[in-house]
Amino acid sequence: MAIRPLFRTVETAAAISDRVLVSFSGGKDSVVTLDLCMKHFRHVEGFFMFYVEKLSFQEQICRYYEDRYGIPIHRVPHFELSQFLRYGLYRPADFTVPIVSIKDVYNYLRINTDIWWIAAGERIADSVWRRAIIKSSGTIDEKRGRIYPVAEWRKEDVVAYIRQNKLKVGVESRKLGFSFGSLQAREVIPVKQHFPADFARIKAWFPFVEAGIVQHEMKKARHGKDQQVSEV
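Keep in mind that what you see is a predicted model, and the values were worked out from it rather than measured. (Residues numbered from 1 in each chain as written. Predicted model: local features only at pLDDT ≥ 70, side-chain atom pairs only at ≥ 80, totals over all residues. Heavy atoms only, no water.)

A few points about the pairing of strand 2 (residues 43-50)
Here is the rule we go by: Relative accessibility thresholds used throughout: buried, under 20% of the residue-type maximum; exposed, over 50%; partly exposed, between the two (1.4 Å probe, protein chains only). Each helix is a run of DSSP H or I of at least 4 residues and each strand a run of E of at least 2, with the numbering of both proceeding from the N terminus. Should DSSP find at least two bridges between two strands, the strands are taken to pair. Here a crossover is taken to be right-handed if, once the strands point away from the viewer, the path from the first strand over the helix to the second is traced clockwise.
Counting buried positions along strand 2 yields seven of eight residues, so the element is predominantly enclosed. Looking at chain direction, strand 1 (residues 19-23) and strand 2 are connected through five bridges and run parallel. Considered in strand 2, the bridge of Val 20 is made with Val 44. Taken together, strand 1, helix 2 (residues 28-40) and strand 2 form a β-α-β motif whose crossover is right-handed. Where strand 2 and strand 3 (residues 73-77) come together, five bridges link them in parallel fashion. Opposite Phe 47, over in strand 3, you have His 74 as the bridge partner.

What follows is the structure, encoded as structure tokens:
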């Protein structure tokens, strides 16, 4: 694990400003990003974007890091939630809900915290799209006020840093293998299995969410039958 090159982005960013907001999800990349920022910036605050407010497993990890570092982690609605509510994803549509963009959320946070720079845990290895975005802007995007401290890290680097610094990831990351971040059936089904009270909370906001689960199971069953036929 080459230490100094991995810290170059956060060290450079901390020389530009001593204040930063950290986008926090409780997943591996975000807990490393938060810890790096705590070690390099004088003033750090976090924010967590939710689809359904106060899910227990998400609150647990947010409170853990608030207590560990003595910082606030602001809970704000995910910008995609406005589309879910307006156009009726697993619930009746409500066209009185205005569409909110990610820029709107960032502007809200910047105004209410008086912090311009936002650090996030995106890595170029995550996807072709993220690679293109970060390669275009650089790991420090001065125009948009964005910092990507772990952009050039490999997954092995992230895992090693978590182990060496005794960091904790969200319980759903350990049980489900990912941070809960959508209403897709593949993410909702494990929540229903492992966190039934939280699933009930999701269903209170999105009463037809089980329709997506049924559709997902039907597709799996159909795919299984098609595979059996092709093997005959």
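Comments concerning the packing of helix 9 (residues 185-194) against helix 10 (residues 196-205)
Angle between the axes and distance between the axes: these two values describe a pair of packed helices. Our working rule: Note on method: axes are straight lines fitted to C-alpha atoms, helices fitted across the in-contact stretch only, with angles between N-to-C directions ranging 0 to 180 degrees. Working definition: roughly parallel below 35 degrees, roughly antiparallel above 145 degrees, roughly perpendicular at 65 to 115 degrees, and oblique for all remaining angles. Any pair of residues with heavy atoms lying within 4.5 Å of one another is described as a contacting pair.
Relative to each other, helix 9 and helix 10 sit at 130 degrees, their axes nearing to 5 Å. The pairing of helix 9 with helix 10 is recorded here as oblique in orientation. On helix 10, the residues that touch Val 188, Val 191, Lys 192, Gln 193 and His 194 of helix 9 are Pro 196, Asp 198, Phe 199 and Ile 202.

Comments concerning the nonpolar core
Rules: Take the buried Ala, Val, Leu, Ile, Met, Phe, Trp, Tyr and Cys residues and link them wherever side-chain atoms come within 4.5 Å; each set so joined is a nonpolar core.
Formed by 33 residues in total, the largest nonpolar core has its most connected members in Val 20, Phe 24, Val 32, Tyr 65 and Trp 153. Those elements that place two or more of their residues in this core are helix 1 (3-16), strand 1, helix 2, strand 2, helix 3 (56-69) and helix 7 (155-164). Per-element tally for this core: the top contributor is helix 2, with five residues. By size, the runner-up hydrophobic cluster in this structure holds 21 residues, among which are Tyr 51, Val 171, Phe 199 and Phe 206.

As for helix 5 (residues 102-113)
Our working rule: Expected span of a helix: the number of residues minus one, times 1.5 Å. The arc in question is the one traced by the directions running from the helix axis out to the C-beta atoms.
The first and last C-alpha atoms of helix 5 sit 16 Å apart over 12 residues, in line with the 16 Å expected at 1.5 Å per residue. Within helix 5 the residues assigned to the buried category are Val 105, Tyr 106, Leu 109, Arg 110 and Thr 113. Along helix 5, the residues classed as buried sweep out an arc of 130 degrees about the axis, all on the same side. In helix 5, the exposed positions angled more than 90 degrees off the buried face are occupied by Lys 103, Ile 111 and Asn 112. Next to the buried residues of helix 5 lie strand 1, strand 2, strand 3, strand 4 (118-119) and strand 6 (146-147). Once helix 5 finishes, Asp 114 follows within two positions and takes phi at roughly 60 degrees, a positive value.

Side note on a nonpolar patch on the surface
Heads up, the rule is: For patch detection, residues must exceed 30% relative accessible area and be free of salt bridges, and they are connected within 9 Å for like charges or within 5 Å for nonpolar side chains (Val, Leu, Ile, Met, Phe, Trp, Tyr). Residue exposure ignores everything except the shown protein chains as possible cover, and the areas themselves are Shrake-Rupley values with a 1.4 Å probe. Think of a salt bridge as a Lys or Arg side-chain nitrogen and an Asp or Glu carboxyl oxygen that are within 4 Å of each other.
Taken together, the side chains of Tyr 87, Phe 95 and Ile 99 make up a nonpolar region of the molecular surface, amounting to roughly 340 Å² of accessible area. Within the secondary structure, Ile 99 sits in the loop between helix 4 (81-87) and helix 5. Classification of Ile 99 by relative accessible area gives partly exposed; the value is 41%.

Examining the sheet that holds strand 5 (residues 140-141)
One open sheet holds the six strands; their spatial order is 3-2-1-4-6-5, and the pairing between them is mixed. Here the strands that pair on one side only, and so sit at the sheet edges, are strand 3 and strand 5. One ladder, built from two bridges, connects strand 5 with strand 6; its direction is antiparallel. Across the sheet, Asp 141 pairs through a bridge with Arg 146, a residue of strand 6. Along the sheet, helix 3 makes contact with strand 2 and strand 3, crossing strand 3 at roughly 150 degrees. Contacting strand 1, strand 2, strand 3, strand 4 and strand 6, helix 5 crosses the sheet at an angle of about 145 degrees to strand 3.

So, the pattern of salt bridges
Using the criterion set out here, one finds 14 salt bridges in the structure. Taking the shortest distance from any N to any O, the salt bridge between Asp 18 and Arg 42 comes out at 2.8 Å. Of this pair, Asp 18 sits in the loop between helix 1 and strand 1 while Arg 42 sits in the loop between helix 2 and strand 2, and the two are 24 residues apart along the sequence. The partly exposed category is assigned to Asp 18, whose relative accessible area is 33%. Residues Lys 203 and Glu 210 are paired through a salt bridge, measuring 2.6 Å at the closest nitrogen-oxygen approach. You can call Lys 203 partly exposed: its relative accessible area is 33%. Each of the salt bridges in this network shares a partner with another, and the network as a whole consists of Glu 59, Arg 63, Glu 66 and Arg 75.

By themselves these figures say nothing about function.
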